[in-house]
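Here are the chains, one letter per residue:
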Amino acid sequence: MTGPMIALSALLSHWARHRVQAALLLIGLALATALLTGVQAINAEARASYDRAASALSQDKLPRLVAERITVADYVALRRAGWPVSPVIEGEALIGGQTLRLIGIEPLTLPSGVAPDIGLAGDPTGFLTGKVILSAEALNDPRVRPAELPPGVALTDIGVAAGILGPEISYLLLTGDRPAPPGYALIHPATTDLSQLTESFHLNLAAFGYLAFGVGLFIVHSAIGLAFEQRRGMFRTLRALGLSARALTGLLLAELLVFALVAGAAGVVLGWLIAGALLPDVAATLRGLYGAEVGSGLTLRPVWWLSGLGIAVLGMLASAGQSLWRLGRLPVLAPAQPRAWGRESARAMRGQALAGVGLIGAAAGLLAVRGLWAGFGVLAGLLLGGALMLPLLMAALTRAGQRLPDTWARLDAGDVFINEQLALRRGLAPGDRVEQGVIAGIYPDYGNPMPQVILSWDRHRALYPLPVLRYALITDIPAAEIRAAFPRVVVEDRAAIRKASVAVFERTFAVTAALNVLTLGVAALAMFASLLTLSSRRLPQVAPVWAMGLTRGRLAQLEFLRTLALAALIYGLALPLGLALAWVLLAVVNVEAFGWRLPMLLFPGDWLRLGMLSLLAAGLAAALPVHRLARIAPAELLKVFAHER
Amino acid sequence: MLSLTDVCKGYASSEGRVTVLDGVSLSLAAGETLALTGESGSGKSTLLHLCAGLDAPDSGRIEVAGHPMGRSDAERAALRRGTVGLVFQQFNLIPSLDVAANLAFQARLAGRHDPRWQADLVATLDLGSLLVRYPEELSGGQQQRVAIGRTLAARPALVLADEPTGNLDEASGDRVMALMLRLVAETGAALLMVTHSPRLAARLDRQVHLRGGRLT
Ligand SMILES: Nc1ncnc2c1ncn2[C@@H]1O[C@H](COP(=O)(O)OP(=O)(O)OP(=O)(O)O)[C@@H](O)[C@H]1O
Ligand SMILES: [Mg+2]
């Protein structure tokens, strides 16, 4: 073995003698990496689905002609008159046991570049005669190219679609910049796409990922801190035996790198498992909330390995930074008062914790000043509140319904309501005017990226003399009765919708709850790691007290009480901080990012439960270190005196 | 082998700057043994640390094996790997390595591991039954024997020892000291040893006394 290798093996031998410490370090980093890569994987998968949706269904982007009823004869007449239109029949259909969004297109008149490359050149007859239906669900047909279409969508020839959905044309795609022919209305597709709608959801998920990552790094930080502290003597010895400071730092970096790669690899695999487990719920949530179809299959992309390992290495460096920096300042010769060093570092640790809290607060402050996507600190503040956002959403929704009826009357008088998005964008308040009338009120419109105006029926007719596309009536008659009496009428059962949306939110909560549990687990582990660290760091302080006649049992008791008191104190500090973060998210970030605001609701019952939980967690985390202290062999305490340097 | 010319060294302390070494000159030939005595706090350890390049003098010249002390940390570290061996009052063994690995450590680091020489040392220092133990399982005298073995295994040309038997009772101190002198003589190394004991100092070739920052 060469010199550097022998020194490295001496450094590594420490871990063989301190397995729990090594395990904590690896687990902490692996968990941190796993949660972050898992969440990123989910987001990447969802976004890839949106991209596919956007590219495959770009007929959504073309202007459409609609009318109350479009027949084949109407279409032929338009074509004859020289209108560049192409018919589409679209609807839900049960195909191969699955409900799919069936889109029937007319390949010969379809503007080029609208449909994906569906391989018509290879087998046009197959498609035209309905032998080929293209779908991501793939139906085991080798001619199908699943990657080309978003999930839940089947593309087929219009003739086939007419056979399934009926001959009425849903709409006509219109190429070129033309006005609508008489009797038709021209609809310009909304400029939003799924990724815009779902951005808030993904932001929340990402917030969770970063939060868990940060918490995981605490474990790593304390495990590394302990390992460096315990090896301080070894570092000095190595320096005295002829290892230069630079070589020592280099070797420690190499050591950390080895750890980071091992933990990172484990983290990627773990993250993949987590993402795979959560994706069905996420997909259900996205479908329920936004109608976005996300496949529930997950592919382990090579780029994950890279990003996962990169995350692990960066995380490791971030958590080891302080220890490495201290190492640089470590004098070869022991300082005159070794215990002063220990005291100082314990104080520094507590100071750090407080500084961390302050930093988060500062990040929140920074946010209000500097707006949104700026910087790391801002994100850190974001994350903590992300978890609070979704539960509030639901409560807010139920309240939103109650506020509106008071002002309904003004709507009939010709005034309008606008949504918060429009109000914020144009700086409007009730009493101001928009093109459609005087603003009677502003309503919250959660999750909608578009400005919107609600106006009365009469006012709408007066302003927009378009053919009526859809009527809706609100009635108390049970849905089944209407369906029986009017088979062609579409009935939307509000109770059913409500039930369905509650179910959607339940799925959402399942996702956040799972992430919550994982994050809290990591946090508990972090607490355990730092208590373990602290307990061995405190041994030099405890030993003299023991020597003066306090029993180990009593010392352990005092340590336990101290931990609980500390936990209670931190809880008292964390609660207002969490509330402040939630407020920043609801009232500042969300408004800036998405243009709508959520009311802040308080749940004191939950605070109480949380307080009990954190005391319980602290007690559990302290149990092992305290138990160890109660049972510690006197020889261990004596060592403090014998090995003092 | 070692030469100091007008070496001065002081520390900043709470009462201002304290001069510890005030123009120390000294020379030591190859194979020569020298005892350094002086009251507690007189600067003996400071002097030794300067010779090992663990710290730098405020002024003056230090030469080891004919070369002036390097300026960079890397040069001075190389000196400790190559020429100079240190034995401390505290044993400074690596706690996570067993006795055998500790013994071989410095020689390996210097790239001069010689199994036969190490076996000789193990026999002379009577460490054969302790090779698989860890430092925390050894008594003070045993640890000091390992520390001496570790230094001599690398065959340094200059051994610097700071009260190597200060932690031991008189009988084991004498035994360890006798062993060390014998081994130093065998390897032909020069020895600069700090000691409180006039009795031990008398067994070396020469004695110098540090007082008031100067040698007498
Ligand atoms: N890092 C330091 N900072 C400030 N003063 C120091 C430092 N190291 C040593 N001193 C001071 O320098 C003086 C000499 O210390 P040194 O350790 O060299 O003495 P010594 O002769 O080895 O004593 P002992 O026999 O007790 O080991 C002492 O007064 C000590 O307080
Ligand atoms: Mg000394």
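Residues numbered from 1 in each chain as written. Chains lettered and ligands numbered in written order. Predicted model: local features only at pLDDT ≥ 70, side-chain atom pairs only at ≥ 80, totals over all residues. Heavy atoms only, no water.

1. So, the overall build of chain A
- Each helix and strand in chain A was counted, giving 20 helices and 11 strands.
- For chain A, with 645 residues in total, the buried portion stands at 45%.
- For chain A, the proportion of contacts with a sequence separation of at least 24, taken over those separated by at least 6, is 78%.
- Total accessible area computed for chain A in this model is approximately 32,000 Å², and 65% of it derives from carbon and sulfur atoms. (Helix = DSSP H or I, 4+ residues; strand = E, 2+ residues; numbered from the N terminus. Buried < 20%, exposed > 50% of the residue type's maximum accessible area, 1.4 Å probe, protein only. Contact = heavy atoms within 4.5 Å. Areas by Shrake-Rupley, 256 points an atom, 1.4 Å probe, with all protein chains shown as cover.)

2. Concerning the overall build of chain B
- In terms of regular secondary structure, chain B is built from 7 helices and 10 strands.
- In chain B, which comprises 216 residues, the proportion classed as buried is 53%.
- For chain B, restricting intrachain contacts to residue pairs at least 6 apart in sequence, the fraction spanning at least 24 positions comes to 72%.
- Total accessible area on chain B is roughly 9,100 Å²; 48% of this is exposed by carbon and sulfur atoms.

3. Points about the packing of aromatic side chains
All names here are of chain A.
- Going through the model one piece at a time under the given rule, you end up with 2 aromatic pairs over all chains.
- Measuring from centroid to centroid gives 5.6 Å for F228 and F235, while their planes differ by 75°, and the two rings are edge-to-face.
- Here F235 falls in the buried class, since its relative accessible area comes to 2%.
- Directly above the aromatic system of Y171 lies the positively charged group of R64, at a separation of 3.9 Å from the ring centroid. (Phe/Tyr/Trp six-rings, centres within 6.5 Å; stacked < 30°, edge-to-face > 60°. Lys NZ or Arg CZ within 6 Å of the ring centre and 35° of its normal.)

4. So, the sheet that holds strand β6 (residues 84–87) of chain B
All names here are of chain B.
- Spatially, 6 strands are ordered β6-β7-β8-β3-β9-β10 in an open sheet, and the strand pairing comes out mixed. On the outer flanks of this sheet lie β6 and β10 (214–215), each paired with one strand and no other.
- Against the sheet, helix α5 (residues 140–153) contacts β6 and β7 (158–162), and its axis sits at roughly 175° relative to β6. (Pairing = 2+ DSSP bridges. Axes fitted to C-alpha atoms, helices over the stretch in contact; angles between N-to-C directions.)

5. Brief notes about the sheet that holds strand β5 (residues 67–68) of chain B
Residues and elements named next belong to chain B.
- The 4 strands are arranged β2-β1-β4-β5 in an open sheet whose pairing can be described as antiparallel. The open sheet has two edge strands with one neighbour each: β2 (16–28) and β5.
- Strand direction decides the pairing type here: strand β1 (residues 2–13) and β2, joined by 10 bridges, are antiparallel. Within β2, the position partnered with A12 by the bridge is R17.
- Of the strands in this sheet, β1, β2 and β4 (59–64) touch helix α1 (residues 44–51), which is tilted by about 120° from β1.

6. Some details on the site of ligand 1
All names here are of chain B.
- The immediate surroundings of ligand 1 are formed by Y11, V20, E39, S40, G41, S42, G43, K44, S45, T46, E163 and H196.
- For ligand 1, an oxygen atom lies 2.7 Å from a polar atom in the side chain of S45.
- The side chain of T46 places a nitrogen or oxygen atom 2.5 Å from an oxygen atom of ligand 1.
- Contact with the protein chains covers 61% of the free accessible surface of ligand 1, which is 630 Å².
- With 3 residues, the single largest contributor to the shell around ligand 1 is α1.
- Taken together, the residues that form the shell around ligand 1 break down as 2 nonpolar, 7 polar and 3 charged. (Near = heavy atom within 4 Å. Polar contact = N/O pair within 3.5 Å; in protein donor to acceptor, adjacent residues only side chain to side chain. Nonpolar A, V, L, I, M, F, W, Y, C, P; charged D, E, K, R; others polar.)

7. Section: the interface of chain B and chain A
- Contacts between the two partners involve 23 residues from chain B, matched on the other side by 23 residues from chain A.
- Looking only at chain B, the three residues that lose the most surface to chain A are S96, F105 and L109 of chain B, adding up to 24% of its buried area.
- For the interface between chain B and chain A, the tally reads 2 salt bridges.
- Put simply, R17 of chain A and E136 of chain B hold a salt bridge, and the shortest N to O gap is 3.2 Å.
- Between chain B and chain A we count 8 residue pairs in polar contact (both at pLDDT 80 or more) in total.
- When residues of the side of chain B that touches chain A are traced back to their parent elements, those giving at least two are α2 (73–82) and α3 (99–109) of chain B.
- Here the residues of the side of chain B that touches chain A sort into 11 nonpolar, 5 polar and 7 charged. (Buried area = accessible area lost by both parts, 1.4 Å probe. Salt bridge = Lys/Arg side-chain N within 4 Å of Asp/Glu carboxyl O.)

8. A few points about the pairing of β6 of chain B
Residues and elements named next belong to chain B.
- Across the two faces of β6 the burial is the same, with V84 and L86 and G85 and V87 all buried.
- Relative to β7, β6 is paired through 4 bridges, and the arrangement is parallel. Within β7, the residue paired with V87 across the bridge is A161.

9. Thoughts on the packing of α5 of chain B against helix α6 (residues 170–187) of chain B
All names here are of chain B.
- Running from amino to carboxyl end, α5 crosses α6 at an angle of 10°, the nearest separation of the two axes being 11 Å. The angle between α5 and α6 falls in the class roughly parallel. For the pair formed by α5 and α6, the contact residues are G141, Q144, R145, I148 and L152 on the first element and V176, M180, L183 and V184 on the second.
- Here the residues of the contact of α5 with α6 are counted per class, giving 6 nonpolar, 2 polar and 1 charged. (Parallel < 35°, antiparallel > 145°, perpendicular 65-115°, else oblique.)

10. Observations regarding helix α5 (residues 158–165) of chain A
- Within the sequence span of α5 of chain A, burial applies to I158, V160 and A161 of chain A. End-on view of α5 of chain A: buried residues confined to an arc of 155°, all on one side of the axis. (Arc of directions from axis to C-beta.)

11. So, unusual backbone geometry
Residue and element names in this part refer to chain B.
- With a phi close to 50°, A65 is a non-glycine residue in the positive phi region.
- For A65, a relative accessible area of 35% translates into the label partly exposed.
- If you check the backbone angles, D126 has positive phi at about 60° while not being a glycine.
- Residue D126 is classed as exposed on the basis of its relative accessible area of 54%.

12. Description of the confidence of the model for chain B
- Summing up the model confidence of chain B, the mean pLDDT is 88 and the portion of residues at 70 or higher is 100%.
- Scored by ipTM, the complex comes to 0.80, with pTM at 0.63. (pLDDT = per-residue confidence, 0-100.)

13. Side note on the pattern of salt bridges
All names here are of chain A.
- Per the counting criterion, the structure on display carries 14 salt bridges over all chains.
- For the salt bridge of R562 with E559, the shortest nitrogen-to-oxygen distance reads 3.4 Å. With a gap of 3 residues between them, R562 and E559 both fall in helix α18 (residues 552–594), about one helical turn apart.
- Here E559 falls in the buried class, since its relative accessible area comes to 11%.

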